[in-house]
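# Working through the structure, step by step
What follows is each chain in one-letter form.
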Amino acid sequence: MLRRTMALRDFERRLERLVEGVFAKAFRSRLTPVELGRRVTREMDVRRTVGIRGLIAPNQFTIIVSQADRDNLASIENSLLSDLAGYAREHARAEGYAFLGPVEVTMRVDEKLGTGEFYVTSAMAEGTGSPGAAVILGDGTRIGVGDEPLIIGRSPDADVVLNDAQVSRHHAEIRRDGSAFSVVDLGSMNGTRVNGAGIRHQQLSDGDQITVGAHALRFETG
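What counts as what
Residues numbered from 1 in each chain as written. Predicted model: local features only at pLDDT ≥ 70, side-chain atom pairs only at ≥ 80, totals over all residues. Heavy atoms only, no water. Helix = DSSP H or I, 4+ residues; strand = E, 2+ residues; numbered from the N terminus. Buried < 20%, exposed > 50% of the residue type's maximum accessible area, 1.4 Å probe, protein only. Contact = heavy atoms within 4.5 Å. Areas by Shrake-Rupley, 256 points an atom, 1.4 Å probe, with all protein chains shown as cover. Pairing = 2+ DSSP bridges. Axes fitted to C-alpha atoms, helices over the stretch in contact; angles between N-to-C directions. Parallel < 35°, antiparallel > 145°, perpendicular 65-115°, else oblique. Left-handed = near helix turned anticlockwise from the far one by under 90°. Nonpolar A, V, L, I, M, F, W, Y, C, P; charged D, E, K, R; others polar. 1 Å grid on protein atoms, 1.4 Å probe; cavity = no way out; pocket = protein on both sides within 12 Å on 5 of 7 lines; lining within 4 Å. Points joined across faces, edges and corners; volume = space filled by probe spheres on them.

The next point concerns the overall build of the protein chain. Across its full length, the protein chain carries four helices and 16 strands. Among the 222 residues that make up the protein chain, the fraction classed as buried is 46%. Across the protein chain, every contact between residues at least 6 apart in sequence was considered, and the portion connecting residues at least 24 apart equals 58%. Of the accessible surface of the protein chain, which amounts to about 11700 Å², a share of 46% is contributed by carbon and sulfur atoms.

What follows covers the sheet that holds strand β9 (residues 160-161). In spatial order, the strands read β9-β8-β10-β11-β14; together these five strands make up an open sheet with mixed pairing. On the outer flanks of this sheet lie β9 and β14 (201-203), each paired with one strand and no other. Bridge analysis of strand β8 (residues 150-153) against β9 gives two bridges, and the strand direction is parallel. Note on β9: the bridge partner recorded for Ile 152 is Val 160.

The next thing to look at is the packing of helix α2 (residues 33-47) against helix α4 (residues 77-95). The angle between the axes and the distance between the axes are what describe a pair of packed helices. The interhelical angle for the contact between α2 and α4, taken along N-to-C directions, is 40 degrees, at an axis separation of 10 Å. Between α2 and α4, the interaxial angle falls into the category oblique. α2 and α4 meet at a crossing whose hand is right-handed. Contacts from Pro 33, Leu 36, Gly 37, Arg 38, Val 40, Thr 41, Met 44 and Asp 45 in α2 reach Leu 80, Leu 84, Tyr 87, Ala 88, His 91 and Ala 92 in α4. Here the contact of α2 with α4 is built from residues that sort into nine nonpolar, three polar and two charged.

What follows covers empty space enclosed by the protein. For the coordinates displayed, the defined rule picks out one cavity of 30 Å³ or more. Taken as a whole, the largest cavity spans an internal volume of roughly 60 Å³. Of all elements in the fold, only α1 (2-17), α4 and β16 (215-221) reach the threshold of two or more residues within the lining of the largest cavity. Ranked by the residues each element gives to the lining of the largest cavity, the list is headed by α4, at four residues.

Next up, the structure:
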């Protein structure tokens with residue numbers, strides 16, 4: 001639980017950094033990214049339900065804000081919504097919640113709201129098509145995993161380029177196999193680890209940490 005709590009704190013710090021520097025003026029009101037994230041997780045806690053496989057939480061969230069706040073958020077809206085979705089996924093891991101489909105966070109305007117006022121609605125929605133997955137880099141960059149293998153390495157032609165002498169040119173790759181995903185070491189010099197253990201071929205689970213050289217990458221589904 002401590003590791004997961006720290007992960008949530010990391011997300012909160014990332015949300016706080018969105019309003020630093022040139023973006024600070026966007027939050028003259030009491031509306032802040034951290035408060036938005038906490039309201040989303042509160043919605044999950046209130047609307048969770050018991051399913052066949054345990055607790056199921058909403059996976060689609062709409063944040064309703066004033067026009068003034070929407071305008072102020074315009075420059076960082078995409079990054080904000082992406083981080084809020086990650087925050088929701090991390091909260092679900094900490095609480096043992098499952099989702100019916102991918103986590104999505106959107107925003108819309110309610111003309112009746114004043115600056116700093118907002119509310120959150122949610123729904124449980126099943127996903128369509130093949131399940132999605134992504135690799136999260138140390139700086140928060142999110143790289144999707146599609147049907148083609150995602151190559152991690154030092155070479156400029158890799159999909160995830162890591163400028164690190166400990167990383168081989170083509171170090172490892174993440175492959176989709178039906179609805180599952182695996183990481184495969186490509187004969188690298190220094191090896192690949194998943195959750196601290198060295199691997200050659202390992203099926204991945206949501207939240208697994210993949211270590212390549214000095215870089216820790218987080219694997220997420222949904």
